[in-house]
Amino acid sequence: SREERGKPQEAYYHWTVFPSEVTRSDAALRMERLKNYLPQMDTRLAKLTTPEAIESVKIMMEEQEKLQRPNHYRSVLDWVKGLQEAAVEGCSWPAPFEEQSVEDKMAFRVNALMTGRVQGSTHLDFHQAENIVDFLTEPSREALRATMDQRSDPAYYQISQFNRRLVEA
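Remember, predicted model here, so these are calculated numbers, not experimental data.

Chemist: I tried to follow helix H5 (residues 102–114) on my own but got confused; where do I start?
Modeler: Each α-helix winds once per 3.6 residues, and so residues spaced three or four apart point in a common direction. The end-to-end C-alpha distance of H5 is 19 Å, a good match for the 18 Å that 13 residues give at a rise of 1.5 Å each. Of the residues making up H5, those classed as buried are Asp104, Lys105, Phe108, Arg109, Ala112 and Leu113. Gly116 lies just past H5 and shows a positive phi near 90 degrees.

Set out below in structure tokens:
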């Protein structure tokens, strides 16, 4: 019974998998290397899958060719667009990440980790998507291009790397 000694038990979710085939070893290795991302993904995925974010990413993609370094964000924007399409089309109930079921959220996280650029245990597109989240709030196309150009400037990266090294020291 659900009640024990007069107290109702708390409901919990348990994700059960009934595999129809064995996972490829390269996919299993990728997931093993990236599994530490799982607890930290939700906020970024939620911000990237709102209807406003979907429209903003379309604008970023339109403005891409006008940037000083038009290829700098190409991969991450393609990755984010793919995630947004999965949020709208790929779940049992299409919705922004925050509104998905527990099961769909886990499937969505796994999809995010299994796609995009990876180097060892670092998901490059997930990290670069932090910039995309920041760009969502730019007030105009001109401001968007200026910020995207500034962030893609090699001097910006050198300053950021220098600051990280100072903090680590």
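More follows now that the structure is in view.
Chemist: Any chance you could explain the packing of helix H3 (residues 51–63) against helix H7 (residues 141–152) here in plain terms?
Modeler: A pair of packed helices is characterised by two quantities: the angle between their axes and the separation of those axes. As a packed pair, H3 and H7 sit with axes 11 Å apart at the nearest point and diverge in direction by 70 degrees. On the basis of their axis angle, the class for H3 and H7 is roughly perpendicular. The two elements H3 and H7 meet at a crossing, and its hand is right-handed. Contacts between H3 and H7 involve Ile59, Met60, Glu62 and Glu63 from the first element and Arg141, Leu144, Arg145 and Met148 from the second. For the contact of H3 with H7, a count of residues per class yields four nonpolar, no polar and four charged.

Chemist: Explanation requested: the nonpolar core in the structure shown.
Modeler: One recurring pattern in soluble globular proteins is that nonpolar side chains are buried together. Counting residues in each nonpolar core, the largest one holds 31 residues, and the members touching the most others are Met60, Tyr73, Trp79, Ile132 and Met148. Looking at this core, the elements that each hand over two or more residues are helix H1 (25–34), helix H2 (42–48), H3, helix H4 (74–90), H5, helix H6 (124–135) and H7. The element best represented in this core is H4, accounting for seven residues. Filtering out sequence-adjacent residues up to four positions away, Tyr73 remains in contact with Gln64, Leu67, Gln128, Asn131, Ile132, Phe135, Met148, Arg151 and Ser152.

Chemist: How do you make sense of the environment of Arg69 when you look at a structure like this?
Modeler: Turning to its location among the elements, Arg69 is positioned in the loop between H3 and H4. In this structure Arg69 comes out as partly exposed when scored by relative accessible area, which is 24%. Distance in space between the C-alpha atoms of Arg69 and Asp149 is 7.1 Å, their sequence separation being 80 residues.

Chemist: What should I look at first to understand the environment of Asp153 in this one?
Modeler: Note that Asp153 resides in the loop between H7 and helix H8 (154–168). Between the alpha carbons of Asp153 and Arg69 there is a distance of 8.2 Å; along the sequence they are 84 residues apart. A polar contact is formed between the side chain of Asp153 and the backbone nitrogen of Ala155, at a distance of 2.9 Å.

Chemist: Looking at this structure, I do not really get the pattern of salt bridges. What am I missing?
Modeler: Close approach of charged atoms allows side chains with opposite charge to pair. Within this structure, the stated rule accounts for 13 salt bridges. Salt bridges here are not isolated pairs; linked through shared partners, they connect Glu62, Glu63, Lys66, Arg141 and Arg145.

Reading the values: rules and limits
- Residues numbered from 1 in each chain as written.
- Predicted model: local features only at pLDDT ≥ 70, side-chain atom pairs only at ≥ 80, totals over all residues.
- Heavy atoms only, no water.
- Helix = DSSP H or I, 4+ residues; strand = E, 2+ residues; numbered from the N terminus.
- Expected span 1.5 Å × (residues − 1).
- Buried < 20%, exposed > 50% of the residue type's maximum accessible area, 1.4 Å probe, protein only.
- Axes fitted to C-alpha atoms, helices over the stretch in contact; angles between N-to-C directions.
- Parallel < 35°, antiparallel > 145°, perpendicular 65-115°, else oblique.
- Left-handed = near helix turned anticlockwise from the far one by under 90°.
- Contact = heavy atoms within 4.5 Å.
- Nonpolar A, V, L, I, M, F, W, Y, C, P; charged D, E, K, R; others polar.
- Core = buried A, V, L, I, M, F, W, Y, C linked by side-chain atoms within 4.5 Å.
- Polar contact = N/O pair within 3.5 Å; in protein donor to acceptor, adjacent residues only side chain to side chain.
- Salt bridge = Lys/Arg side-chain N within 4 Å of Asp/Glu carboxyl O.

Take it as geometry only, folks, not as evidence of what the structure does.
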